[in-house]
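A structural walkthrough
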Amino acid sequence: MKKVLLLLLVFVFGISSVFAEGTLRLLTWKGYAPNALIEKFEKETGIKVEVTYSNNEEMIAKLRATRGAGFDLAQPSQDRISSVQAKYKIYKPLDYSKIKSEQIIPSMLKAVKDNTKVGKDSYAVPFCWGTSGLIVNKKYAPEASDYTDLLNPKYEGRVSYRLKRPTLIALAFAMGKNPFALYNDPKAYEELMEMVGQKMIEAKNIVKNYWTNGDALLQLLRSEEVYVAMGWDGGGWKLHQDNPNIDFVAPKSGALGWIDTFAIPAKAKNVDAAYKWINFMLRPENAAYFTNTEGYFTASKDAANFLNPDVKDNLKRSFPQEDIDNIKWYPPVPSNIESIEAKILDKVKSAR
């Protein structure tokens, strides 16, 4: 009888409606939902977690296509929310009374609330932060110290980076420009990006490949097929554990700093589960497990009490105070900027 009733409910309301209450549909980056923490959460709450891996561009595209449906929680970078929300309305305003704010670094929470504000509402809380810079094999490239080394003929065939906006921004900073200062001047920004794109085209023969998968990049560095790459600090530190010659290097012109967040899609079905996952992942011991496993630093205020000594050493080794002070934190991205960057990246990709 129960089976017949269930089948009837499925037929009338749809499968997702029947099972949504006990399921959290998470749209996130690879590594942001470790299996051990998923199992722990499911055991504590009885809520099943379904994970879809993505990146900023894909998250925006998926949520735009469904007008904010299909997922209960997403993890976009804080600089990719306000302009997208103002234009497409793909997120819900967060109810901060449901967030255990005492678990979060106060300055980081304030920054994310400010940077994701549209009108009177804010749309995210911080989850983790880190930087992108250089991952260098110092055995073969001991002098590599800035993004311009990605264009250095000395490393021909041994360079890898993504054909994504961070590469354009990084190279602009390394060339002595401040692209963020031009966000409100599209014409000047396009001229700067044209210049950067041309330098990338001229140095295209230097590149072994344009990586799209972080694990694939780490394998190229691990096998010593690539000596100099643009990548995330966590990836460099992970490689350093196995090969001390390979490490993350904060570029002279400044590492690019990011904060990834939690944001609730506009048509999320299981909002209660979303808030439970947010608070669970920012609980200090869980946040520390994430950092110890993946290497990215957490926004959880007391997670440092649970970090492994080698993880603490990564920050000390790669980021002396002057390099921390030199981090270029991403501001919110105006909507018209990304179309400019996409055009430049297409030119680089198609150039011979």
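About the thresholds
- Residues numbered from 1 in each chain as written.
- Predicted model: local features only at pLDDT ≥ 70, side-chain atom pairs only at ≥ 80, totals over all residues.
- Heavy atoms only, no water.
- Helix = DSSP H or I, 4+ residues; strand = E, 2+ residues; numbered from the N terminus.
- Rg over C-alpha atoms; globule rule 2.2 N^0.38 Å.
- Buried < 20%, exposed > 50% of the residue type's maximum accessible area, 1.4 Å probe, protein only.
- Areas by Shrake-Rupley, 256 points an atom, 1.4 Å probe, with all protein chains shown as cover.
- Pairing = 2+ DSSP bridges.
- pLDDT = per-residue confidence, 0-100.
- Contact = heavy atoms within 4.5 Å.
- Core = buried A, V, L, I, M, F, W, Y, C linked by side-chain atoms within 4.5 Å.
- Salt bridge = Lys/Arg side-chain N within 4 Å of Asp/Glu carboxyl O.
- Axes fitted to C-alpha atoms, helices over the stretch in contact; angles between N-to-C directions.
- Polar contact = N/O pair within 3.5 Å; in protein donor to acceptor, adjacent residues only side chain to side chain.

Focus on the overall build of the protein chain
Tallying secondary structure elements over the protein chain gives 15 helices and 11 strands in all. For a compact globule of 352 residues, the expected C-alpha radius of gyration is about 20 Å, and the protein chain comes in at 21 Å, within 12% of that figure. With the C-alpha coordinates of the protein chain rotated into their principal frame, the extents come out at 75 × 45 × 40 Å. A burial count over the protein chain gives 52% of its 352 residues as buried. For the protein chain, the computed accessible surface area is about 16,300 Å², with 53% contributed by carbon and sulfur atoms.

Some words on the environment of Asn 35
Following the sequence through the fold, Asn 35 ends up in helix H3 (residues 35-45). For the pair Asn 35 and Val 49, spaced 14 residues apart in sequence, the C-alpha to C-alpha distance is 10.0 Å.

Some thoughts on the pairing of strand S4 (residues 125-137)
A large share of S4 lies buried, amounting to 13 of its 13 residues. Across 7 bridges, the pairing between S4 and strand S9 (residues 256-262) is antiparallel. Bridge pairing in S9 links Ser 132 to Leu 256. Of the pairings in the sheet, the one linking S4 to strand S10 (residues 297-298) comprises 2 bridges and is antiparallel in character. Bridging across to S10, Cys 128 finds its partner in Thr 298. Strand direction decides the pairing type here: S4 and strand S7 (residues 228-232), joined by 5 bridges, are antiparallel. When the sheet's bridge partners are listed, Gly 133 is paired in S7 with Gly 231. Bridging between S4 and strand S8 (residues 246-249) involves 4 bridges; their strand directions are antiparallel. Along S8, the bridge assignment pairs Val 136 with Asp 247.

Some thoughts on the confidence of the model for the protein chain
The predicted coordinates ought not to be read in detail in places where the model reports low pLDDT. Here the protein chain averages 92 in pLDDT, and 94% of its residues register 70 or above. In this model residues 1-20 is a low-confidence stretch, pLDDT under 50, and it forms 9 contacts with partners more than four residues away in sequence or in other chains.

A look at the nonpolar core
Formed by 113 residues in total, the largest nonpolar core has its most connected members in Leu 73, Tyr 147, Tyr 161, Val 228, Phe 262 and Trp 277. Ignoring any residue separated from it by four or fewer positions in sequence, one finds Val 228 in contact with Leu 134, Ile 135, Ala 141, Ala 144, Asp 149, Leu 150, Tyr 155, Arg 158, Val 159 and Ser 160.

Here's the deal with the pattern of salt bridges
Applying the stated criterion across every chain yields a total of 16 salt bridges. Measuring nitrogen to oxygen at the nearest pair gives 3.0 Å for the salt bridge that ties Lys 154 to Glu 143. Of this pair, Lys 154 sits in the loop between S4 and strand S5 (159-161) while Glu 143 sits in the loop between S4 and S5, and the two are 11 residues apart along the sequence. Classification of Lys 154 by relative accessible area gives exposed; the value is 54%. For Glu 143, a relative accessible area of 56% gives the class exposed. In this structure, Lys 301 engages Asp 302 in a salt bridge whose closest nitrogen and oxygen atoms are separated by 3.4 Å. For Lys 301, a relative accessible area of 40% gives the class partly exposed. By relative accessible area, Asp 302 is classed as partly exposed at 34%.

Examining the sheet that holds strand S3 (residues 73-74)
Pairing in this open sheet of 3 strands is parallel, and the strands run S2-S1-S3 from one edge to the other. Both outer strands of the open sheet, strand S2 (48-53) and S3, are each paired with one neighbouring strand and no more. With 2 bridges joining them, strand S1 (residues 23-28) and S3 adopt parallel strand pairing. Its bridge partner being in S3, Leu 26 is matched across the sheet by Leu 73. In the packing of helix H4 (residues 56-66) onto the sheet, contacts are made with S1, S2 and S3, and the angle to S1 comes to roughly 130°. The sheet contacts of helix H11 (residues 271-281) involve S1, S2 and S3, and relative to S1 the element is tilted by about 60°.

Considering the environment of Lys 343
For Lys 343, the position within the fold is in helix H15 (residues 335-350). For the pair Lys 343 and Tyr 88, spaced 255 residues apart in sequence, the C-alpha to C-alpha distance is 22 Å. When residues no more than four places from it in sequence are discounted, the contact partners of Lys 343 are Glu 190 and Glu 194.

Focus on the side chain of Gln 85
The topology assignment puts Gln 85 in helix H5 (residues 82-88). Its relative accessible area of 3% is what places Gln 85 among the buried residues. From its side chain, Gln 85 meets the backbone nitrogen of Ile 90 in a polar contact 3.1 Å long. Here Gln 85 is in contact with Ile 90, Tyr 91, Val 118 and Tyr 123, once residues within four sequence places are set aside.

Focus: the side chain of Asn 137
Examined against the element boundaries, Asn 137 turns out to sit in strand S4. Since its relative accessible area comes to 0%, Asn 137 is described here as buried. A distance of 3.1 Å separates a polar side-chain atom of Asn 137 from the backbone nitrogen of Lys 139. With residues up to four places along the chain from it excluded, the contact list for Asn 137 reads Glu 224, Tyr 227, Asn 245 and Ile 246.

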